[in-house]
Protein chains: 2
Amino acid sequence: MQLSKSSQYAIRILSYMANHKDSKVMTATELSEKLDIPYKFLTKIMTDIVKAQLVISIRGRDGGYAFAREPSEILINDILEIFHDAIEDEQCVLGIGFCNGITKCALHDQWMEPKMLMQKMFRESTLEKIAGQGCKI
Amino acid sequence: MQLSKSSQYAIRILSYMANHKDSKVMTATELSEKLDIPYKFLTKIMTDIVKAQLVISIRGRDGGYAFAREPSEILINDILEIFHDAIEDEQCVLGIGFCNGITKCALHDQWMEPKMLMQKMFRESTLEKIAGQGCKI
DNA sequence: TTCAATTACTACTTATGGGTAGAAATTAAA
DNA sequence: TTTAATTTCTACCCATAAGTAGTAATTGAA
Ligand code: SF4
Ligand code: SF4
């Protein structure tokens, strides 16, 4: 019942970057140190995020990472999708899924509401909104 | 964002047993076949559930598993605790946890509500209630 | 007592997520 | 052109979850 480390790290990294928009690019070394994320793991994750076109990477000296689009245009859900961690509509708390209306279990109806709230949280929260609240993570 | 297979299977097994209270004991073979759960994995899980004293086991001929207490006295959360899958009060959607009120992130407040709903779902749903609704899983 | 039916135990294998190592590619500046 | 600072790529290693195999222990009945 938790996000994968990759998603957790990714959210923290991009939140941190959104909170420091003054510095145009941030290096993997800085992010790794400030956020206490293993350097090698961080660069692996960042490569995925670059491929998903949420950020761009600048290689070579004075290189680093910068946003490809405005943080106001990036949703938490965009990050989760990269790591296959987004909550699907059919996703079942028991991992069975696709029960029809007749055979559904007693947990089904109770699962709908928290699921929708989490989907809403992920699908409507932008990085800018998070940064705006002075996120310290 | 999903329960472990062990928890998923355990909920399904005990729900099935609660739905068939007429037959006093159920064998691992029957449960495995009816619920399509690998036999060897099922017996491993059941041993844990027996140790947690939710069910008793009867060894030898005509043996099997039976409830140690009434299904009305067993909560989903009791099952989740066996496999360390229960949602703790401090549990954080980002896996960081223990943020104080000042440094909390923007997701924190939005996380509270779905978390509480899930805790409520697990802590207040009894096996009997589930069985009463004709659970087919 | 012997047998067959059962769970429990020990130990292994496989799959996946998390993490690491080293070298290659790229780039700005000296 | 050389160098140092950076990301990227390929290939691993480690820990944990998921699943399997074989055998021991238990028990009711023939
Ligand atoms: S009815 Fe129960 S098992 Fe089926 S999809 Fe809904 S929550 Fe999952
Ligand atoms: S403030 Fe954010 S990171 Fe901290 S415990 Fe709450 S949800 Fe997790």
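These numbers were taken from a predicted model, which means no experiment stands behind them.

Draft legend 1. The arrangement of the relation of the copies chain B and chain A in detail. Superposing chain B onto chain A requires a rotation of 180° together with a translation of 0.0 Å along the rotation axis, leaving an RMSD of 0.1 Å. When the rotation and shift are considered jointly, the pair of chain copies conforms to a two-fold rotation axis. Mapped onto chain A, 97% of the interface residues of chain B are again interface residues, and the two copies thus contact each other with one and the same surface.

Draft legend 2. Geometry of the interface of chain B and chain A. Listed as interface residues are 34 residues of chain B and, on the opposing side, 33 residues of chain A. Per-residue buried area on chain B facing chain A is highest for M1, L94 and M121 of chain B; these three make up 22% of the total on that side. Across the contact surface, chain B and chain A share zero salt bridges. Between chain B and chain A we count six residue pairs in polar contact (both at pLDDT 80 or more) in total. Those elements that provide at least two residues to the side of chain B that touches chain A are α1 (5-19), α5 (106-124) and α6 (127-132) of chain B. Among the elements that line the side of chain B that touches chain A, the one with the most residues is α5 of chain B, at ten residues. Of the residues that constitute the side of chain B that touches chain A, the class distribution is 22 nonpolar, eight polar and four charged.

Draft legend 3. Spotlight on the site of ligand 2. Around ligand 2 sit nine residues in total, of which C92, C99, K104, C105 and H108 of chain B are the nearest. Among the residues making up the shell around ligand 2, the classes are represented as six nonpolar, two polar and one charged.

Draft legend 4. Spotlight on the site of ligand 1. The full set close to ligand 1 counts nine residues, and C92, C99, K104, C105 and H108 of chain A are the nearest of them. At the site occupied by ligand 1, the surrounding residues belong to chains A and B.

Draft legend 5. How the structure looks around the protein's contact with DNA strand C. K5, K40 and K44 of chain A together with A28 and S57 of chain B are the nearest of the 25 residues found near DNA strand C. Taking D62 of chain A, its side chain carries an N or O atom lying 3.5 Å from a sugar or linking oxygen of DNA strand C. At 3.4 Å, a side-chain N or O of Y65 of chain B approaches a phosphate oxygen of DNA strand C. Within the residue set of the surface near DNA strand C, elements represented by two or more residues are α1 (5-19) and α3 (39-51) of chain A together with α3 (39-51), β1 (55-58) and β2 (64-67) of chain B. In the surface near DNA strand C, the residues fall into eight nonpolar, eight polar and nine charged.

Draft legend 6. Region of interest: the pairing of strand β1 (residues 55-58) of chain A. All names here are of chain A. By the bridge criterion, four bridges tie β1 to strand β2 (residues 64-67) in an arrangement that is antiparallel. Following the sheet pairing, I58 is matched in β2 by G64. Linkage of β1 to β2, two consecutive antiparallel strands, is achieved through a turn of five residues, within which G60 is found at a positive phi near 80°.

Draft legend 7. View of the pattern of salt bridges. Residues and elements named next belong to chain B. Scanning the entire structure with this criterion turns up ten salt bridges over all chains. Taking the shortest distance from any N to any O, the salt bridge between K34 and E30 comes out at 3.5 Å. Residue K34 and its partner E30 are located together in helix α2 (residues 28-35), separated by four residues, close to a single helical turn. Residue K34 is classed as exposed on the basis of its relative accessible area, which comes to 53%. Accessibility expressed as a relative area gives 26% for E30, which makes it partly exposed.

Draft legend 8. Highlighting the environment of M26 of chain A. Residue and element names in this part refer to chain A. Along the chain, M26 falls in the loop between α1 and α2 (28-35). What makes M26 buried here is its relative accessible area of 2%. Put simply, M26 and Q119 are 93 residues apart on the chain and 30 Å apart in space, counted from C-alpha to C-alpha. Once residues lying within four places of it in the same chain are set aside, the contact partners of M26 are Y16, M17, H20, L31, G64 and Y65.

Draft legend 9. Quick look at the protein's contact with DNA strand D. Surrounding DNA strand D, one finds 26 residues, the nearest of these being A28, Y39 and S57 of chain A together with K40 and K44 of chain B. A breakdown of the atoms of DNA strand D within 4 Å of the protein gives sugar and phosphate a share of 62%. A distance of 2.8 Å separates a base oxygen of DNA strand D from a polar atom in the side chain of K44 of chain B. If you tally residues by element for the surface near DNA strand D, the top one is α3 of chain A, at five residues. By residue class, the composition of the surface near DNA strand D is eight nonpolar, nine polar and nine charged.

Draft legend 10. Here's a closer look at the environment of C105 of chain B. One can find C105 of chain B in the loop between α4 (76-82) and α5. When the C-alpha positions of C105 of chain B and L94 of chain B are compared, they lie 9.8 Å apart, and in sequence the two are eleven residues distant.

Here is what the cut-offs are and how they apply
Each residue is numbered by its place in its chain's sequence as written, counting from 1. Labels are handed out in written order, letters beginning with A for the chains and numbers beginning with 1 for the ligands. pLDDT decides what is reported in this predicted model: residues at 70 or higher carry local features, side-chain atom pairs at 80 or more are listed and counted, and totals for whole chains, interfaces and linings draw on all residues regardless. With hydrogens and water excluded, all non-hydrogen atoms of the structure serve as input to the side-chain values. Residues reaching a pLDDT of at least 70 in both copies supply the C-alpha atoms on which the copies are superposed by least squares. Whether two residues touch is decided by their heavy atoms; if any such pair falls within 4.5 Å, the residues are in contact. When two parts are brought into contact, each loses some accessible area as probed by a 1.4 Å sphere; the total of that loss over both is the buried area. A carboxyl oxygen of Asp or Glu within 4 Å of a side-chain nitrogen of Lys or Arg is what we treat as a salt bridge. Contacts described as polar in this section are N or O atom pairs within 3.5 Å, which, within protein, must combine one atom able to donate a hydrogen with one able to accept it, while residues neighboring in sequence count only if both atoms come from side chains. In DSSP terms, a helix is any run of H or I states spanning at least four residues, a strand is any run of E spanning at least two, and both are numbered starting from the N terminus. Three residue categories are used. Nonpolar comprises Ala, Val, Leu, Ile, Met, Phe, Trp, Tyr, Cys and Pro, charged comprises Asp, Glu, Lys and Arg, and polar comprises the others, including Gly. Only heavy atoms are used to decide nearness, and a residue is near a molecule or strand if one of them lies within 4 Å of it. For two strands to count as paired, DSSP must find a minimum of two bridges between them. Working definition: with a 1.4 Å probe on protein chains only, accessible area under 20% of the residue-type maximum means buried, over 50% means exposed, and in between means partly exposed.

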